[in-house]
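Here are the chains, one letter per residue:
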Amino acid sequence: MQRRASLKWDAARPEQVQHPQTLTLPAADHIAAGLVIVFEHWGEAAGFAVVVPREDGRADIDGPFVEPDLWRGGIGRKLVEECAQFAMALEAAELVAAASPRAEPFYAKCGFKATGTVDTTHGPVAVMSRSLT
Ligand SMILES: CC(C)(COP(=O)(O)OP(=O)(O)OC[C@H]1O[C@@H](n2cnc3c(N)ncnc32)[C@H](O)[C@@H]1OP(=O)(O)O)[C@@H](O)C(=O)NCCC(=O)NCCS
């Protein structure tokens, strides 16, 4: 998973390579805490997302990231739905995403609404959230 996610080409990669921190894989403590959801396709890791509970009663979704060869096949949405179920189990009231411009339409399709912006290392991006109540 780590090798494939790091080396595979996709159109977003140049932007990410300029900002390698955006390629950071889930933190070891997130993995250890069971906060990482992995989607397998024919026995291989095809995508992942992370749910990070916040102190304000909401939860951040980090990702999802799907193997480029499998984009537009429904895996991203499945990961979001799993994250939503998991965040509800953690009693989060809302799922919050920092959405790159390329990911905004995807999050909108998954029921998220823009609520503001947040500064990142490569400029402001939309904050999008989805109610879980
Ligand atoms: C964004 C990403 C996770 C989407 O994954 P995916 O498996 O292609 O998404 P799905 O096939 O489940 O798409 C769900 C819906 O969003 C739409 N969608 C997906 N990507 C889209 C895009 N770039 N632009 C517009 N709509 C998009 C799909 O058409 C689908 O709509 P439908 O239900 O009307 O058919 C994937 O493109 C990816 O990994 N991108 C790189 C990493 C990234 O940007 N992650 C988001 C973090 S900010």
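Residues numbered from 1 in each chain as written. Predicted model: local features only at pLDDT ≥ 70, side-chain atom pairs only at ≥ 80, totals over all residues. Heavy atoms only, no water.

**Student:** Summarise the overall build of the protein chain; cite the residues concerned and give the values.
**Tutor:** Counting its secondary structure elements, the protein chain contains 5 helices and 6 strands. Sequence-ordered secondary structure for the protein chain, helices as α and strands as β, is α-α-α-β-β-β-α-β-α-β-β. Sorting the 133 residues of the protein chain into buried and exposed places 32% on the buried side. For the protein chain, contacts bridging at least 24 residues in sequence account for 53% of all contacts bridging at least 6. Accessible area of the protein chain: about 8,100 Å², with a carbon and sulfur share of 55%. (Helix = DSSP H or I, 4+ residues; strand = E, 2+ residues; numbered from the N terminus. Buried < 20%, exposed > 50% of the residue type's maximum accessible area, 1.4 Å probe, protein only. Contact = heavy atoms within 4.5 Å. Areas by Shrake-Rupley, 256 points an atom, 1.4 Å probe, with all protein chains shown as cover.)

**Student:** Quick one: what's the story with the pattern of salt bridges, residue by residue and with numbers?
**Tutor:** Pairing is possible between side chains of opposite charge, provided their charged atoms come close. Evaluation of the coordinates by the stated rule reveals 5 salt bridges. A salt bridge links aspartate 56 to arginine 58, with the shortest nitrogen-to-oxygen separation between them at 3.1 Å. A single salt-bridge network, built from bridges that share partners, covers Arg54, Asp56, Arg58, Asp60 and Glu94. (Salt bridge = Lys/Arg side-chain N within 4 Å of Asp/Glu carboxyl O.)

**Student:** Any details on the site of the ligand? Residues and values, ideally.
**Tutor:** Near the ligand lie 19 residues; those nearest to it are Pro64, Val66, Arg72, Gly76 and Arg77. Taking glycine 74, its main chain carries an N or O atom lying 2.8 Å from an oxygen atom of the ligand. When the ligand sits alone it has 920 Å² of accessible area, and the protein chains cover 77% of it. When contributions to the shell around the ligand are tallied by element, the ones reaching two or more residues are β3 (59–66), α4 (75–89) and α5 (104–109). (Near = heavy atom within 4 Å. Polar contact = N/O pair within 3.5 Å; in protein donor to acceptor, adjacent residues only side chain to side chain.)

**Student:** Tell me about the sheet that holds strand β1 (residues 36–41), residues and numbers included.
**Tutor:** In spatial order, the strands read β1-β2-β3-β4-β6-β5; together these 6 strands make up an open sheet with mixed pairing. This sheet does not close on itself; its edge strands, each paired only once, are β1 and β5 (113–120). Across the sheet, the mean angle separating the axes of adjacent strands is 30 degrees when strand polarity is ignored. As judged from the 7 bridges shared by β5 and strand β6 (residues 123–131), these two strands associate in the antiparallel manner. Considered in β6, the bridge of threonine 117 is made with alanine 126. Where α4 meets the sheet, it contacts β1, β2 (44–53), β3, β4 (94–99) and β6, and its direction lies at approximately 155 degrees from that of β3. (Pairing = 2+ DSSP bridges. Axes fitted to C-alpha atoms, helices over the stretch in contact; angles between N-to-C directions.)

**Student:** I'd like a rundown of the pairing of β1, residues and numbers included.
**Tutor:** The pairing of β1 with β2 spans 6 bridges and is antiparallel. Note that in β2 the partner of glutamate 40 across the bridge is alanine 45. Joining the antiparallel neighbours β1 and β2 is a turn of 2 residues, in which tryptophan 42 adopts a positive phi near 50 degrees.

**Student:** Describe the environment of lysine 113, naming the residues involved and giving the relevant values.
**Tutor:** As for its position among the elements, lysine 113 is in strand β5. Sequence separation between lysine 113 and alanine 97 is 16 residues; the distance between their C-alpha atoms is 9.7 Å. Apart from the residues within four sequence positions on either side, lysine 113 is in contact with Val127, Met128 and Ser129.

**Student:** Account for α4, with residues named and values stated.
**Tutor:** Here α4 is 15 residues long and its end C-alpha atoms lie 21 Å apart, about the 21 Å a rise of 1.5 Å per residue gives. Those residues of α4 that sit buried are Ile75, Gly76, Leu79, Val80, Cys83, Ala84 and Ala87. In this structure, the buried residues of α4 make contact with β1, β2, β3, β4, α5 and β6. With its phi angle positive at about 65 degrees, glutamate 91 sits one or two positions after the end of α4. (Expected span 1.5 Å × (residues − 1).)

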